[in-house]
Amino acid sequence: RAPDEPTTPVSGDVARGDGSARFAEDGAVYSEDFRVRCYECDPSRAATLETVMNLLQECAVNHAVAVFGDNEGGFATDKEMIRLNLMFVMSKMHLRIGAYPAWNNDVRCDTWFAISGKLAARRDWMLYSADGAQALAASTSTWLLVNTETRKLGRIPPERIEAYKELTPTEPLHALDADEEKLAPRPPQEGDDAQALVASLGMGVRRTDTDMNQHVNNVAYIRWLLEAVPSDYFDSHVLTGITLEFRNECHYGESINAWVTAEATVAEGGSVTAAEEGEEVLYHWLHSDDNDKELMRAKTFWRPR
């Protein structure tokens, strides 16, 4: 089922002493209040895509802290999984934005997760106005279990599956459908099959791009891929959605190259998966100079201003 649009703030067990975070749906949905700061906005005073992504990430991490406690070794996670050298990493994310909150607006973010088989988990988010009257954004993501020592996919231990079921909604709760399109690799730049792309080359991974997990934060990838979008297109369109497919991690000191399709694809009659009628779609690729390592495939959804 899809989450109902609440008209009043979520009530439930308090997850933080000041009342800014709560549990609902029998403890399965975590809800937290945020305020949009001036440094999180663009020249129009609207929150940026990076801001929205940061809010979702902060809410998810705080949810994990509320459930599992702070392990003091990076982002909060299940201590038993740490002992087993297992960690969930984001594989794919799909986000749709109906309206951007503005400077000084209060917003409410709801999040929840569910196990998907023996190898993966799903986390969803809803972003609302503070009173819950307006749904601003919805997102869903897929997370794969990785062995932190071998860097290979792992399996969720049966006893942890049972434990996680106690922390997830009793009925399937989906903020939106996942984007099922299998994104293609970057088109060739030479030869008969070459495709014209717009590039932004040589962006360095900064120290400030690294998070508490000693990895380049997911939001940094978004900043890099948007840098390749031509200014005239960016200024004349509103970003209404994004799909991210993470391929490899990168590290401080690497040089990042971004490409984007030179012309937008206009969605008509279901011609582009997860796009709405009349939206324009751009496809993106991120690679590292480290042996041209592929980091991300993505697509963005736009409407003219």
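Residues numbered from 1 in each chain as written. Predicted model: local features only at pLDDT ≥ 70, side-chain atom pairs only at ≥ 80, totals over all residues. Heavy atoms only, no water.

**Quick notes on the overall build of the chain**
For the chain, the count of helices and strands is five helices and twelve strands. Computed over its C-alpha atoms, the radius of gyration of the chain comes to 19 Å, within 12% of the 19 Å expected for a compact globule of 305 residues. Relative to its 305 residues, the chain shows a buried fraction of 48%. Residue pairs in contact within the chain that sit at least 24 positions apart in sequence constitute 70% of those at least 6 positions apart. Just so you have it, the chain exposes about 15,200 Å², and 48% of that area is on carbon and sulfur atoms. Positive and negative side-chain charges of the chain, numbering 30 and 50 respectively, have mean locations separated by a distance of 4 Å. (Helix = DSSP H or I, 4+ residues; strand = E, 2+ residues; numbered from the N terminus. Rg over C-alpha atoms; globule rule 2.2 N^0.38 Å. Buried < 20%, exposed > 50% of the residue type's maximum accessible area, 1.4 Å probe, protein only. Contact = heavy atoms within 4.5 Å. Areas by Shrake-Rupley, 256 points an atom, 1.4 Å probe, with all protein chains shown as cover. Lys, Arg positive; Asp, Glu negative; His and termini not counted. Charge placed at Lys NZ, Arg CZ, Asp CG, Glu CD.)

**Some remarks on the environment of G27**
Residue placement: G27 occurs in the loop between β1 (21-24) and β2 (29-35). Residue G27 is classed as partly exposed on the basis of its relative accessible area of 28%. Considering only alpha carbons, one finds G27 and P169, 142 residues apart in sequence, at a separation of 8.3 Å.

**Here's the deal with the packing of aromatic side chains**
Given two aromatic rings, their pairing is described by the distance between the two centres and the angle made by the two planes. Scanning the entire structure with this criterion turns up seven aromatic pairs. When the centroid spacing of 5.6 Å and the interplanar angle of 85° are considered together, the rings of Y221 and F246 count as edge-to-face. Here Y221 is found in helix α4 (residues 218-227), whereas its partner F246 is found in strand β8 (residues 237-246), with 25 residues between them in sequence. For Y221, a relative accessible area of 3% gives the class buried. Plain terms: the ring middles of F234 and W302 are 5.9 Å apart, the flat faces sit at 70° to each other, and that makes the pair edge-to-face. Of this pair, F234 sits in helix α5 (residues 231-236) while W302 sits in strand β12 (residues 294-304), and the two are 68 residues apart along the sequence. What makes F234 partly exposed here is its relative accessible area of 34%. By relative accessible area, W302 is classed as buried at 1%. (Phe/Tyr/Trp six-rings, centres within 6.5 Å; stacked < 30°, edge-to-face > 60°.)

**Some remarks on the layout of surface pockets**
For the second largest pocket, the calculated volume is near 460 Å³. What lines the second largest pocket is a set of 20 residues, and nearest its centre among them are D42, T48, L49, L226 and F234. Of all the secondary-structure elements, those providing two or more residues to the lining of the second largest pocket are α1 (49-68), α4, α5 and β8. Across the lining of the second largest pocket, the residue classes tally to ten nonpolar, four polar and six charged. (1 Å grid on protein atoms, 1.4 Å probe; cavity = no way out; pocket = protein on both sides within 12 Å on 5 of 7 lines; lining within 4 Å. Points joined across faces, edges and corners; volume = space filled by probe spheres on them. Nonpolar A, V, L, I, M, F, W, Y, C, P; charged D, E, K, R; others polar.)

**Describing the nonpolar core**
Among the nonpolar cores identified, the biggest contains 48 residues, and L49, L95, Y221, W224, L244 and L286 are the most heavily contacted of them. Sequence-distant contacts of W224, that is, excluding residues within four places in its chain, are made with M203, G204, V205, D209, V216, C250, I256, A258 and L286. Grouped together as the second largest cluster of nonpolar side chains are ten residues, L183, A267, A275 and V281 included. (Core = buried A, V, L, I, M, F, W, Y, C linked by side-chain atoms within 4.5 Å.)

**Details of the pattern of salt bridges**
Counted under the stated rule, the structure contains 22 salt bridges. When the shortest N-O distance is used, the salt bridge between D110 and R108 registers 3.0 Å. Salt-bridge contacts for E162 lead to K165; the nearest nitrogen and oxygen are separated by 3.5 Å. Pair noted here: E162 and K165 are both in helix α3 (residues 158-165), with a separation of three residues, about one helical turn. The class of E162 is partly exposed, set by a relative accessible area of 47%. (Salt bridge = Lys/Arg side-chain N within 4 Å of Asp/Glu carboxyl O.)

**Quick notes on α3**
Looking at α3, one finds that the buried residues are R160, I161 and Y164. Taken around the axis of α3, the buried residues stretch over an arc of 105°, which confines them to a single face. If you follow the buried residues of α3, they end up packed against α1, α2 (79-83), β3 (86-97) and β4 (106-116). (Arc of directions from axis to C-beta.)

**Quick word on unusual backbone geometry**
Across residues other than glycine, the phi torsion is negative in most instances, and most of the peptide bonds are trans. The phi dihedral of A274 is positive, around 70°, even though this residue is not glycine. Structurally, the position occupied by A274 is in the loop between β10 (265-266) and β11 (280-288). Using a relative accessible area of 30% as the deciding quantity, one classes A274 as partly exposed. One non-glycine residue, D292, adopts positive backbone phi at about 55°. Inspection of the secondary structure assignment puts D292 in the loop between β11 and β12. When its relative accessible area of 35% is taken as the criterion, D292 is described as partly exposed.

**Notes on the pairing of strand β9 (residues 255-261)**
With six of its seven residues buried, β9 lies for the most part within the structure. Where strand β7 (residues 197-204) and β9 come together, six bridges link them in antiparallel fashion. Across the sheet, M203 pairs through a bridge with I256, a residue of β9. Looking at chain direction, β9 and β11 are connected through five bridges and run antiparallel. Bridge pairing in β11 links V260 to H284. (Pairing = 2+ DSSP bridges.)

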